[in-house]
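The residues making up each chain are set out below.
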Amino acid sequence: MSLKQPHKLRIDLDQIQYCGWDDDGYRKILHNGVFYTGYLVLDKNLDGTVSFEKEYKNGSHLGWDNEYNENGQLIRTSLSVGETTLCFYEYDSDNKIINGGKLTDDEYYQKMVKRYGLD
C-alpha cells in the first residue's frame, strides 16, 4: 500500500469525538481531548487497508481526501477547504494522472494553500 503522505498520523472514526462546527459547516473533531491534525480513516478494504480518508488540521476538514483501490493504490484525491474543493486528480494503475486539475482560479488556490498551510 502506498498511502499519500504516509508520515502523517492516521486514526479511525471510533477514535474521535465531535465538537462544534467550523466556519465551513463541518463538524470539528477531537482526538484525546485536543483538536485533531492528521488523516481520519473513514472506510477500509476487507483486508483492513485504507479505502477512504480525509485530512484534518486543528479539528477542521482542511487538506486531502484520498481514495484507494483494493490493492492500496491511490485512485482519486482532492484538496479541500471545508466544503470547497480546490483541485482533484484521478490516477491510472501506473500512478499517472488521467484526469483532474484545479477547480478554482490560481489566485484563490494559492491564497487557501498559504492561509491553511496545505501541502
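For the structure, see preceding data.
From a predicted model like this one, the values you see are computed outputs, not experimental measurements. (Residues numbered from 1 in each chain as written. Predicted model: local features only at pLDDT ≥ 70, side-chain atom pairs only at ≥ 80, totals over all residues. Heavy atoms only, no water.)

Chemist: Sorry, what's going on with the side chain of R10 here?
Modeler: Locating R10 in the fold gives a position in strand β1 (residues 10-12). Overall, the relative accessible area of 19% leaves R10 in the buried class. Reaching out from R10, the side chain makes a polar contact with the backbone oxygen of K4 at a distance of 2.5 Å. A polar contact is formed between the side chain of R10 and the backbone oxygen of K8, at a distance of 3.3 Å. (Helix = DSSP H or I, 4+ residues; strand = E, 2+ residues; numbered from the N terminus. Buried < 20%, exposed > 50% of the residue type's maximum accessible area, 1.4 Å probe, protein only. Polar contact = N/O pair within 3.5 Å; in protein donor to acceptor, adjacent residues only side chain to side chain.)

Chemist: Honestly, the environment of R76 in this entry has me stumped. Any pointers?
Modeler: Residue placement: R76 occurs in strand β8 (residues 74-81). Sequence separation between R76 and E90 is 14 residues, and the spatial gap between their C-alpha atoms is 4.5 Å. Polar contacts involving the side chain of R76 include one to the side chain of E67, which spans 2.8 Å. Among the polar contacts listed, one links the side chain of R76 to the side chain of E90, at a separation of 3.4 Å.

Chemist: I would appreciate a short explanation of the pairing of strand β3 (residues 27-31) in the present structure.
Modeler: Regular strands place their side chains on alternate faces of the sheet. Counting buried residues in β3 gives four out of five residues, a clear majority hidden from the surface. Bridge analysis of strand β2 (residues 17-21) against β3 gives three bridges, and the strand direction is antiparallel. The residue of β3 that forms the bridge with Q17 is L30. In sequence, β2 turns back onto β3 through a hairpin of five residues, with G25 there showing a positive phi of about 85 degrees. Taking the residues that link successive antiparallel strands as the turn, the β3-strand β4 (residues 34-35) hairpin has two residues, and the phi of N32 there is positive, at about 55 degrees. (Pairing = 2+ DSSP bridges.)

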